[in-house]
Amino acid sequence: MASRTLTLSLDLIARAHPDPVADDPDALALLSDAEMAPDLAAMLARRLSPEGGLWVFAYGSLLWSPEFSYHESRVGTVRGWHRRFCLRQHRFRGTLAQPGLVLALERGGLCRGVAFRLDEADPHATLMPVWRREMKGKGYEARWVAVATDAGPLRALTFVANRRSERYTGRLSDADLADTIAAAAGHLGPSAEYLFRTVEACAELGLHDRHLWRLQALVAERLERRAANDPPR
């Protein structure tokens, strides 16, 4: 995968989505830190053992924008879960009128990603930034998962699809996913940019993901048509 060339590009995305999108704070209800703190504390209480370090398993945007400092990273495999676009995004990478999509882990298969070892002097304070980022929109559930790495197994915190969330889409066809991703944009940028940066990060890490690779090609086709139908200004 690393030696192949992506069809999707930032230039194509910019041509297809030339206009910025204003933020709509009312588009997605967000939990406060105070509301999220008890669940984080409960999750830490379910940690089997502090021995071995405090790890977070990344499979999507955390690969290219972790927003936390870490002491070590390891490429690893989680079995029993696979990454898939299955959460609607009404804000950030989409709008109420044109929701985007983001990745989550779904049951079945396996997922190759990166485990990051964080500072564990104060686990609650260390994890709150990533907990806030992933949990505030009520689209994910947290899990401790086993990660197999070349340096040995470890347990890491990760975030899986919350099937009870109104944002959960179920399993959409690749064509429907591509249509949605190609059309959506929010104040943080197009949904296609999220896809591009994730598949690019996987390629650089040597992580083969057929779902992402197929989607980037389908989205590129749709953006080419969109850009061709919207002449330069």
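Our structure is the block above this text.
What counts and what doesn't
Residues numbered from 1 in each chain as written. Predicted model: local features only at pLDDT ≥ 70, side-chain atom pairs only at ≥ 80, totals over all residues. Heavy atoms only, no water. Helix = DSSP H or I, 4+ residues; strand = E, 2+ residues; numbered from the N terminus. Rg over C-alpha atoms; globule rule 2.2 N^0.38 Å. Contact = heavy atoms within 4.5 Å. Areas by Shrake-Rupley, 256 points an atom, 1.4 Å probe, with all protein chains shown as cover. Phe/Tyr/Trp six-rings, centres within 6.5 Å; stacked < 30°, edge-to-face > 60°. Axes fitted to C-alpha atoms, helices over the stretch in contact; angles between N-to-C directions. Parallel < 35°, antiparallel > 145°, perpendicular 65-115°, else oblique. Left-handed = near helix turned anticlockwise from the far one by under 90°. Nonpolar A, V, L, I, M, F, W, Y, C, P; charged D, E, K, R; others polar. Buried < 20%, exposed > 50% of the residue type's maximum accessible area, 1.4 Å probe, protein only.

(A) Looking closely at the overall build of the protein chain. Helix and strand counts for the protein chain come out as 6 helices and 7 strands. Here the protein chain has a C-alpha radius of gyration of 18 Å; the compact-globule value for 233 residues is 17 Å, and the two agree. With respect to the principal axes defined by its C-alpha atoms, the protein chain has extents near 60 × 40 × 30 Å. Considering only contacts within the protein chain whose residues lie at least 6 apart along the sequence, 80% involve residues at least 24 apart. For the protein chain, the exposed surface amounts to about 11,200 Å²; the carbon and sulfur share of it is 50%.

(B) The arrangement of the packing of aromatic side chains in detail. In this structure the tally under the stated criterion is 6 aromatic pairs. Ring centres of Phe68 and Phe116 lie 5.5 Å apart, and the angle between their planes is 75 degrees; on these two criteria the pair is classed as edge-to-face. Of the two residues, Phe68 is situated in the loop between strand S1 (54-58) and strand S2 (72-89) and Phe116 in strand S3 (residues 100-118); the sequence distance between them amounts to 48 residues. Every member of this aromatic cluster is reached through a ring pair, and the members are Trp64, Phe85 and Tyr194.

(C) Here's a closer look at the packing of helix H5 (residues 191-205) against helix H6 (residues 210-229). It is at 10 Å that the axes of H5 and H6 come closest, and there the two elements cross at 140 degrees. The angle between H5 and H6 falls in the class oblique. The hand of the H5/H6 crossing is left-handed. Residues Ala192, Leu195, Thr198, Val199 and Cys202 of H5 touch H6, and the partners they reach there are Leu212, Trp213, Leu215, Gln216, Val219 and Leu223. Looking at the contact of H5 with H6 residue by residue, the classes come out as 9 nonpolar, 2 polar and no charged.

(D) Local environment of the side chain of Glu134. Here Glu134 lies in helix H3 (residues 123-135). Under the relative-accessibility criterion, Glu134 is labelled buried at 10%. Not counting residues within four places of it along the chain, the set of residues in contact with Glu134 comprises Leu62, Tyr140 and Phe159.

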